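As a plain string of letters, each chain reads:
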Amino acid sequence: MRQPVVNIAVRAARAGAKALIRMLNQAEALTVVEKERNDFVTAADRAAERAIIDEIRRTCPDHAILSEECGALGESEFRWVIDPLDGTKNFIHGIPHFSISIAAQRKRVTEHAVVYDPLREELYTASRGGGAFLNDHRIRVARRASLDGAMLATGFPFRQKDRLDAYLRMFRDLFAHATDVRRAGSAALDLAYVAAGRVDGFWELGLKPWDMAAGALLIREAGGLCTDFGGGDAYLETGNIIAANLKLAGALKRAIGPHLGPDLKR
């Protein structure tokens, strides 16, 4: 049975999804604003965000919010970390791969998580200590123990193109061992796919907390591990993340390590 907080997050995710679906067929007419280089926001992001926050505040009016578009709202030991549209570029171009990510934290520790793919109607949920689920069926990370033959997922450092050379060196070495690498355009779904065992591992740099908070809990509750590039747990602060089962996460860290400059050691 889902925790009550997860049910709130599910209702909020579905409310946000309705806003996105209404606007999906109008994507060509949406106003697109470049927040910073290569980072965009649309009216769909904002409409979904409003719907999500309104739904949460119906039940939890005093909780704090950290969301991609509106930033930080309020102060409380309870905080919701929200990405109303993870995969904005896909959405803009009509590529049917994007998601909503919602994490509920207490004292900055993620306790509950929802990642929702509205087009496939795939709902990933997790509560701390309670396991991870896809449409209420328990999920586990894949068992692959080495990079040889692994299916990996990643994202390009579009916000930090000054780190592209380091990233490409990582990619080259990992691709030499992996069976393939996928770059699908939604980090929240990449992490959910690791939790579900669809891909063996994931790495990316330069992410934001709302990209990772929910997906990281899914992975931990599915028996996996998320670390920063140094093997610690500061990925929400650094934006650099490795995700896989315990053995494969170690292999990813060892492969990435030689390509890290001083600013990427975590």
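As shown above, the structure is provided for reference.
Here's what I pulled together on the structure shown here. (Residues numbered from 1 in each chain as written. Predicted model: local features only at pLDDT ≥ 70, side-chain atom pairs only at ≥ 80, totals over all residues. Heavy atoms only, no water.)

1. Concerning the pattern of salt bridges
As a reminder, the rule being used: Between Lys or Arg on one side and Asp or Glu on the other, a salt bridge is scored when a side-chain nitrogen of the former is within 4 Å of a carboxyl oxygen of the latter. Helix and strand labels come from DSSP, where a helix needs a run of H or I of at least four residues and a strand needs a run of E of at least two; each type is numbered from the N terminus. Classification of residues uses two cut-offs on accessible area relative to the type maximum, computed with a 1.4 Å probe and protein chains only: under 20% is buried, over 50% is exposed, and between them is partly exposed.
For the coordinates displayed, the defined rule picks out ten salt bridges. Here Arg58 and Glu55 are joined by a salt bridge, their closest N and O atoms 3.2 Å apart. Note that Arg58 and Glu55 are positioned in helix 2 (residues 43-59) at a spacing of three residues, about one turn of the helix. Assessed through its relative accessible area of 13%, Glu55 is described here as buried.

2. Describing the packing of helix 1 (residues 4-24) against helix 2
This is how it is decided: Between the N-to-C directions of two axes lies an angle of 0 to 180 degrees, each axis being a line fitted to C-alpha atoms and, for a helix, fitted only over the stretch in contact. Oblique is the label for any angle not under 35 degrees, not over 145, and not in the 65 to 115 range, which are roughly parallel, roughly antiparallel and roughly perpendicular in turn. Crossing handedness: left-handed means the near helix sits turned counterclockwise from the far one by under a right angle, and right-handed means the same turn made clockwise. Note on definitions: a residue-residue contact is assigned when non-hydrogen atoms from the two residues lie within 4.5 Å. Classification convention: Asp, Glu, Lys, Arg as charged; Ala, Val, Leu, Ile, Met, Phe, Trp, Tyr, Cys, Pro as nonpolar; all other residues, Gly among them, as polar.
Relative orientation of the contacting elements helix 1 and helix 2 amounts to 155°, with a least axis distance of 8 Å. Here helix 1 lies roughly antiparallel to helix 2, going by the angle between them. Note that helix 1 runs across helix 2; the crossing there is right-handed. Of helix 2, the residues touching helix 1 (which contributes Ile8, Arg11, Ala12, Ala15, Gly16, Ala19, Leu20 and Met23) are Ala43, Ala44, Ala47, Ala48, Ala51, Ile52, Glu55, Ile56 and Thr59. Across the contact of helix 1 with helix 2, the residue classes break down as 13 nonpolar, two polar and two charged.

3. Remarks on the pairing of strand 8 (residues 122-127)
Rule in force here: Two strands pair if DSSP finds at least two bridges between them.
For strand 8, a buried count of six out of six residues is recorded, marking the element as mostly surrounded by other parts of the structure. Of the two faces of strand 8, the one holding Glu122, Tyr124 and Ala126 and the one holding Leu123, Thr125 and Ser127 are both buried throughout. Alignment of strand 7 (residues 109-117) against strand 8, held across six bridges, turns out to be antiparallel. Considered in strand 8, the bridge of His112 is made with Ser127. Hairpin connection of strand 7 to strand 8: four residues between the antiparallel strands, including Glu121 at a positive phi of 55°. Sheet topology places strand 8 next to strand 9 (residues 132-134); three bridges connect them, and they run antiparallel. Within strand 9, the position partnered with Tyr124 by the bridge is Leu134. Counting the residues that bridge the hairpin from strand 8 to strand 9 gives four residues, and of these Gly129 lies at a positive phi of roughly 85°.

4. What to know about the sheet that holds strand 14 (residues 225-227)
Pairing is mixed in the open sheet, where five strands are placed in the order 12-11-13-15-14. Because the sheet does not close on itself, it has two edges, and the strands there are strand 12 (180-182) and strand 14. Across the sheet, the mean angle from the axis of one strand to that of its neighbour is 20°, orientation sign disregarded. Two strands pair when backbone bridges link them, and strand 11 (residues 151-154) and strand 13 (residues 201-204) are joined in this way by three bridges, in the parallel orientation. Note that in strand 13 the partner of Thr154 across the bridge is Trp203. Together, strand 11, strand 13 and strand 15 (241-244) form the strand contacts of helix 5 (residues 187-195), whose direction differs from that of strand 13 by roughly 150°.

5. Remarks on unusual backbone geometry
For Glu121, which is not glycine, the phi dihedral falls at a positive 55°. Inspection of the secondary structure assignment puts Glu121 in the loop between strand 7 and strand 8. With a phi close to 50°, Asn135 is a non-glycine residue in the positive phi region. In this structure, Asn135 sits in the loop between strand 9 and strand 10 (137-138).

6. Quick word on the state of the cysteines
Convention followed: A pair of cysteine sulfur atoms is labelled a disulfide when the two atoms are within 2.5 Å.
By the definition in use, this model includes zero disulfides. Free of any disulfide, Cys60 has its nearest neighbouring cysteine sulfur in Cys70, separated by 15 Å. On the basis of relative accessibility, which here comes to 10%, the residue Cys60 falls in the buried class.

7. Some thoughts on helix 4 (residues 164-177)
Helical geometry note: an α-helix holds 3.6 residues per turn, so side chains three or four residues apart project in the same direction. For clarity, the threshold we go by: To estimate the expected span of a helix, subtract one from its residue number and multiply by 1.5 Å. To be clear, the arc concerns the directions from the helix axis to the C-beta atoms.
Taking 1.5 Å per residue as the helical rise, helix 4 with its 14 residues ought to reach 20 Å, and the 20 Å between its terminal C-alpha atoms agrees with that figure. Every buried residue belonging to helix 4 is among Ala166, Tyr167, Met170 and Leu174, and all of these are buried. Projection of helix 4 onto a plane perpendicular to its axis shows the buried side chains occupying an angular sector of 95°, all on one side. Exposed positions of helix 4 whose direction lies more than 90 degrees from the buried face are Asp165, Arg172 and Ala176. Where helix 4 is buried, its residues contact strand 11, strand 13 and helix 8 (246-256).

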